[in-house]
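Residue-level listing of the chains:
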Amino acid sequence: MIKVSIIGAASYAGGELIRLLLAHKEVEIVHLTGNTYAGQDICAVFPYLQGGIQREIIALTQENQRQIIADSDLLFLIMPHGQASGMAKDILAAGKKAIDIGADFRFADAGVYEQWYKVKHQAPELLQEAVYGLPELYRKQIAAARLVGNPGCYPTATILGTYPLLKAGLIKDNSVIIDAKSGISGSGRTPSSLNIYAAASQNMKAYAVAGHRHTPEIERIFSDISGNAQVINFTPHLTPMIRGIHSTIYADLRQSIDGEELTRLYKEVYAGETFVRVHDHGSWPESKWATGSNLCHIAVTADQRSGRVIVCSVIDNLLKGAAGQAIQNMNLMCGFAEDTALPLTPVYP
């Protein structure tokens, strides 16, 4: 049994972490923090948790941070950019483990992080130790880690969708184009012009075109896989669905290969992976196929006329793109079965 705390528990990802962890027989939730909702019971913030847990949300302060860390074996950090890095330093100094669901530990270079996120990194010395938390690529490193940077939702779907091609050297450098769609929950709980009903319903919009913060994260892992520096084009879109990521990936092939061969390659690469489903050639995954699960659904083909490969990769942005993947990482870090408390069957329709 391990004791965990969730810093930023009143977020959508925090609510999903609580829901999933309540089914984890090896975990006890000891502290929930959230400054906006401090003093409220978590069930007042998320009434659907009624009967599952009673825990007051507490404001995180310098005074109580030390006690929260002392009471915990592992902490999930869901914090504004730049804040998790400072707390992670204290967590590791106390001999505890941390999983950052934000962006502070997704990069090896503090300069890249600061350029894209416009905040100072408070613990650049930890970046070389932090492990990128995509288990399908870095399982052994995660199992030995004290500090994990949970991947972003867009990068998770996109990297899993492209990994077999990069690993096999089948696509040309700097040729990847990513056209990705996200559900509205990806923009968080705070009302904004992006996520209020009147703006988001019956509408689709591109945003952060040629400048989304997930771009350097994807490029970093693509470069790691291929062994060459990679530059991508990435355009995200907000769509009128609540949750889900649908990433369509295009790249120039180095050689002629048909869709059936590519599908066989993907099935070989992901054979034995609990949370990746490679579909038969010609079957294209839909975002709803992943809703409420920790799964990534992938399909691939080749366009012989243009000489390009086309991949579709879908996940639930709040599960495999956030809370579910964080628990998958926790399971590895703590020696539990990797799929413990993680749903494999989606909610449909």
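Use the structure listed above.
Just so we're clear, the structure is a prediction, and the values are computed from it rather than from any experiment. (Residues numbered from 1 in each chain as written. Predicted model: local features only at pLDDT ≥ 70, side-chain atom pairs only at ≥ 80, totals over all residues. Heavy atoms only, no water.)

Peer 1: When you look at the pattern of salt bridges in this model, what are you seeing that I'm missing?
Peer 2: Opposite charge on two side chains lets them pair, provided their charged atoms get close. Counted under the stated rule, the structure contains 12 salt bridges. One network of salt bridges, in which partners are shared, links Glu 16, Arg 19, Arg 243 and Asp 316. (Salt bridge = Lys/Arg side-chain N within 4 Å of Asp/Glu carboxyl O.)

Peer 1: Honestly, the layout of surface pockets in this entry has me stumped. Any pointers?
Peer 2: Empty pockets left among the atoms are what a rolling probe the size of a water molecule brings to light. Estimated volume of the second largest pocket: approximately 220 Å³. Looking at side-chain class alone, the lining of the second largest pocket contains six nonpolar, five polar and four charged residues. (1 Å grid on protein atoms, 1.4 Å probe; cavity = no way out; pocket = protein on both sides within 12 Å on 5 of 7 lines; lining within 4 Å. Points joined across faces, edges and corners; volume = space filled by probe spheres on them. Nonpolar A, V, L, I, M, F, W, Y, C, P; charged D, E, K, R; others polar.)

Peer 1: I would appreciate a short explanation of helix 6 (residues 135–143) in the present structure.
Peer 2: Working note: α-helix, 3.6 residues per turn, so residues spaced by three or four point in the same direction. By the burial criterion, the buried members of helix 6 are Pro 135, Glu 136, Leu 137, Tyr 138 and Ile 142. Down the axis of helix 6, the smallest arc covering the buried residues is 155°, so these residues share one side. Check the buried side of helix 6 and you find it contacts strand 6 (131–132), strand 7 (147–149), helix 7 (153–168), helix 9 (214–226), strand 12 (276–278) and helix 11 (319–334). (Buried < 20%, exposed > 50% of the residue type's maximum accessible area, 1.4 Å probe, protein only. Helix = DSSP H or I, 4+ residues; strand = E, 2+ residues; numbered from the N terminus. Arc of directions from axis to C-beta. Contact = heavy atoms within 4.5 Å.)

Peer 1: Please clarify how the nonpolar core should be interpreted in this entry.
Peer 2: Note on soluble globular proteins: their nonpolar side chains tend to be buried together. In terms of nonpolar packing, the biggest core is built from 83 residues, with Phe 76 and Met 330 touching the most fellow members. Contact partners of Met 330, with chain neighbours within four places excluded, come to Ile 2, Val 4, Leu 21, His 24, Val 27, Leu 74, Phe 76, Ile 99 and Phe 336. Within the second largest apolar cluster, 20 residues are counted, among which are Ile 7, Met 79, Leu 92 and Phe 105. (Core = buried A, V, L, I, M, F, W, Y, C linked by side-chain atoms within 4.5 Å.)

Peer 1: Help me understand the sheet that holds strand 6 in this model?
Peer 2: Either a parallel or an antiparallel arrangement is found when strands of a sheet pair, and the pairing is made through backbone hydrogen bonds. Taken in spatial order, the seven strands of this open sheet run 3-2-1-4-5-7-6, and their pairing is parallel. Both outer strands of the open sheet, strand 3 (57–58) and strand 6, are each paired with one neighbouring strand and no more. Summarising the sheet, strand 1 (residues 2–7) and strand 2 (residues 27–33) pair through six bridges and their orientation is parallel. Its bridge partner lying in strand 2, Lys 3 is registered against Glu 28. (Pairing = 2+ DSSP bridges.)

Peer 1: Is there a simple way to explain the sheet that holds strand 10 (residues 233–238) in this structure?
Peer 2: Spatially, the seven strands line up as an open sheet ordered 9-10-8-11-14-13-12, and their pairing is mixed. Strands at the two margins of the open sheet, each flanked by one partner only, are strand 9 (205–206) and strand 12. Looking at chain direction, strand 12 and strand 13 (residues 296–303) are connected through three bridges and run parallel. Looking at the pairing, Val 276 lines up with Cys 296 of strand 13.

Peer 1: Explain the packing of aromatic side chains here, please?
Peer 2: For any pair of aromatic rings, geometry is given as the distance between the ring centres together with the angle between the planes. By the definition in use, this model includes seven aromatic pairs. Relative to Tyr 48, the ring of Phe 46 has its centre 5.5 Å away and its plane inclined at 45°; by these criteria the two rings are tilted. Grouping aromatic residues by their ring pairs yields a cluster made of Phe 107, Tyr 113 and Tyr 117. (Phe/Tyr/Trp six-rings, centres within 6.5 Å; stacked < 30°, edge-to-face > 60°.)

Peer 1: Teacher, can you tell me more about the side chain of Asp 100 here?
Peer 2: Its location among the elements puts Asp 100 in strand 5 (residues 97–100). For Asp 100, which is buried and forms no salt bridge, the nearest opposite charge comes from Arg 106, at a distance of 6.4 Å. (Lys, Arg positive; Asp, Glu negative; His and termini not counted.)

Peer 1: Whenever I open this one, the packing of helix 6 against helix 11 confuses me. Can you help?
Peer 2: Relative placement of two packed helices is described by the angle separating their axes and the distance separating the axes. At a minimum axis separation of 9 Å, helix 6 and helix 11 run at an interaxial angle of 40°. By the criterion of interaxial angle, the relationship of helix 6 to helix 11 is oblique. The hand of the helix 6/helix 11 crossing is right-handed. Across from Pro 135, Glu 136, Arg 139, Ile 142 and Ala 143 in helix 6, the residues of helix 11 making contact are Lys 320, Gln 325, Gln 328, Asn 329, Leu 332 and Met 333. (Axes fitted to C-alpha atoms, helices over the stretch in contact; angles between N-to-C directions. Parallel < 35°, antiparallel > 145°, perpendicular 65-115°, else oblique. Left-handed = near helix turned anticlockwise from the far one by under 90°.)

Peer 1: Please explain the environment of Gly 34 as it appears in this structure.
Peer 2: Note that Gly 34 resides in the loop between strand 2 and helix 2 (42–45). By relative accessible area, which is 10% here, Gly 34 ends up buried. Sequence separation between Gly 34 and Asn 64 is 30 residues; the distance between their C-alpha atoms is 13 Å. Aside from chain neighbours lying at most four places away, what touches Gly 34 is Ile 57 and Ile 58.

Peer 1: Explanation requested: unusual backbone geometry in the structure shown.
Peer 2: The phi angle of most residues is negative, glycine excepted, and most peptide bonds adopt the trans form. A cis amide bond links Tyr 348 with the next residue in sequence, Pro 349, at an omega value of 5°. Checked against the element boundaries, Pro 349 lands in the segment after helix 11. Phi angles above zero are rare outside glycine, and Asn 174 is one such case at about 60°. Mapped onto the fold, Asn 174 is located in the loop between helix 7 and strand 8 (177–182).

Peer 1: So what exactly am I meant to see when it comes to the pairing of strand 4 (residues 74–77) here?
Peer 2: Note on strand geometry: in a regular strand, side chains alternate between the two faces of the sheet. Judged by which residues are buried, strand 4 turns out to be covered on both faces: Leu 74 and Phe 76 on one side and Leu 75 and Leu 77 on the other are all buried. Direction of pairing for strand 1 relative to strand 4: parallel, over a ladder of four bridges. Looking at strand 4, one finds that Ile 6 is bridged to Phe 76. As judged from the four bridges shared by strand 4 and strand 5, these two strands associate in the parallel manner. Paired with Leu 75 across the bridge in strand 5 is Ala 98. You can see the chain leave strand 4, run along helix 4 (residues 84–93) and come back into strand 5, and the turn it takes is right-handed. (Right-handed = clockwise from strand over helix to strand, strands pointing away.)

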